[in-house]
Amino acid sequence: MNDRVKGSILAMGGAACWGISGCMGQYLFTTEGMSPTWLTPIRLFLAGLILCAYYAIRSPRLLIAPWKSPRDAVDLLIYGIAGVSCCQFLYFLTIDLSSAGIATILQDVSPAMILVVTCVVGRRAPRAFEVVSILMAMIGVFLLTTHGSLTDLAVSPAALAAGLLCAVCVVIYTMWPKRLQSKYPTPMLQGWAFLMGGVLFCLLFRPWEQGYVPGPMGYVGIATVVCVGNLLAFCCYMQGVKLIGPQKSSLYSFAEPASAALISTLVLGSPFTLWDALGFGCIFVMLALLSRGGGRADAPAAGRPAARAHS
């Protein structure tokens, strides 16, 4: 198997793992009675503990290096808290308020937001394909949340707000850590981000005071979102990026919203209408346009960041 085929399979598999994780989160919320304020701190803390423990054994000096520089420490705090950790919480909150498919597609508006920021910072007008991609994102969100009605919302305002805020957090953790990623391994930065978020949300939400005790399937679900949604998905997708590059990998990351929508509808019984299909299609067109345009000068690098962290 050549590197191109292997990289494509790994990128698609990693993205599908994020979709599976989102659907498992939906199952835990709707069937096991778990809440985002209970699951998010546990998931973040365990994933961060595993990654940081790996680097503590492999290279302890490298693990603590970011904290020796005040600038690196501030950047890591913003990346880890405002970006990665808040993104994960808002993603699961959106799932709890709607479905895994809706939550995944709303966060996928983030490339259009990154494009807008890129144009503003670069003081340039968007190109034709970029204008079309922004319009596709806006139309897609409109169709998903209103089902074509100008008076009624098919998705609750809370779910819409949480999903779009999740996309904003994706913009933060995609664009903020470029300098950090040039100095330190991305998995190590992810480990610190997860661990910081886990500690912070444990202090804020106090899951031990919520009185929830998971059953056997609850523990299976926790293991799934940590091992499949964080560790396996990240490793597969990043290896795919290494083999075929971020632009091509981002095309195969369409497997995330596709798998989330498919499992959410067929297995978990979430409604999926023609309006939803049209909305998903518009978001896919937006991602494809940005991915194919990613190789052009100062266009957004890819429809998706190479270091996914949220699903």
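The rules behind the values
- Residues numbered from 1 in each chain as written.
- Predicted model: local features only at pLDDT ≥ 70, side-chain atom pairs only at ≥ 80, totals over all residues.
- Heavy atoms only, no water.
- Helix = DSSP H or I, 4+ residues; strand = E, 2+ residues; numbered from the N terminus.
- Buried < 20%, exposed > 50% of the residue type's maximum accessible area, 1.4 Å probe, protein only.
- Contact = heavy atoms within 4.5 Å.
- Areas by Shrake-Rupley, 256 points an atom, 1.4 Å probe, with all protein chains shown as cover.
- Core = buried A, V, L, I, M, F, W, Y, C linked by side-chain atoms within 4.5 Å.
- Polar contact = N/O pair within 3.5 Å; in protein donor to acceptor, adjacent residues only side chain to side chain.
- Axes fitted to C-alpha atoms, helices over the stretch in contact; angles between N-to-C directions.
- Parallel < 35°, antiparallel > 145°, perpendicular 65-115°, else oblique.
- Left-handed = near helix turned anticlockwise from the far one by under 90°.
- Nonpolar A, V, L, I, M, F, W, Y, C, P; charged D, E, K, R; others polar.
- Phe/Tyr/Trp six-rings, centres within 6.5 Å; stacked < 30°, edge-to-face > 60°.

Trainee: I would appreciate a short explanation of the overall build of the protein in the present structure.
Mentor: Counting secondary structure elements, the protein contains 14 helices and zero strands. For the protein, the α and β elements follow one another from N to C terminus as α-α-α-α-α-α-α-α-α-α-α-α-α-α. Burial status across the protein gives 52% buried among its 311 residues. Sequence-distant contacts in the protein: of pairs separated by 6 or more residues, those separated by 24 or more amount to 84%. Accessible surface for the protein amounts to roughly 13,300 Å². Of this, 71% is attributable to carbon and sulfur atoms.

Trainee: Help me out: how do you make sense of the nonpolar core in this one?
Mentor: Note on soluble globular proteins: their nonpolar side chains tend to be buried together. Core analysis: the largest hydrophobic core is formed by 46 residues, its most contacted members being M34, L39, L76, Y79, F92, I95 and W192. Of all elements in the fold, only α1 (3-30), α2 (36-58), α4 (70-97), α5 (100-107), α8 (157-175), α10 (186-205) and α11 (216-244) reach the threshold of two or more residues within this core. When residues of this core are assigned to their parent elements, the largest contribution, nine residues, is made by α4. Counting 24 residues, the second-largest nonpolar core is a separate cluster that includes I105, C119, I283 and M286.

Trainee: I keep staring at the environment of R179 and nothing clicks. Help me out?
Mentor: Structurally, R179 is set in helix α9 (residues 178-181). Since its relative accessible area comes to 23%, R179 is described here as partly exposed. A C-alpha to C-alpha distance of 8.7 Å links R179 and D72, two positions 107 residues apart in sequence. With residues near it in sequence (within four places) discarded, R179 still touches R71, D72 and D75. Here D72 takes part through its side chain, which lies 2.7 Å from a polar atom of the side chain of R179.

Trainee: For this particular structure, what's the right way to read the packing of α5 against helix α13 (residues 255-266)?
Mentor: Two packed helices can be described by the angle between their axes and the distance between those axes. Between α5 and α13, the shortest axis-to-axis distance is 7 Å and the interhelical angle comes to 160°. Between α5 and α13, the crossing angle belongs to the class labelled roughly antiparallel. Like other packed secondary-structure pairs, α5 and α13 cross with a definite hand, here left-handed. Between α5 and α13, the contacting residues are A100, G101, T104, I105 and Q107 on the first element and E256, P257, A260, A261 and S264 on the second. A breakdown of the residues in the contact of α5 with α13 according to their chemical character gives five nonpolar, four polar and one charged.

Trainee: What should I look at first to understand the packing of aromatic side chains in this one?
Mentor: Geometrically, a pair of aromatic rings is defined through the distance of the ring centres and the angle of the planes. Tallying each qualifying case throughout the model produces nine aromatic pairs. Judged by centre distance (5.7 Å) and plane angle (40°), the rings of F89 and F201 are tilted. Remark: F201 occurs in helix α10 and F89 occurs in helix α4; sequence separation between them is 112 residues. On the basis of relative accessibility, which here comes to 15%, the residue F89 falls in the buried class. With a relative accessible area of 5%, F201 lands in the buried category. Where F89 meets F205, the ring centres are 5.1 Å apart and the plane angle is 35°; that geometry is what we call tilted. Placement of F89 in helix α4 and of F205 in helix α10 is noted, with a sequence separation of 116 residues between them. Classification of F205 as partly exposed rests on a relative accessible area of 23%. Three or more aromatic residues joined by ring pairs make a cluster, and in this case those are F29, Y91 and F92.

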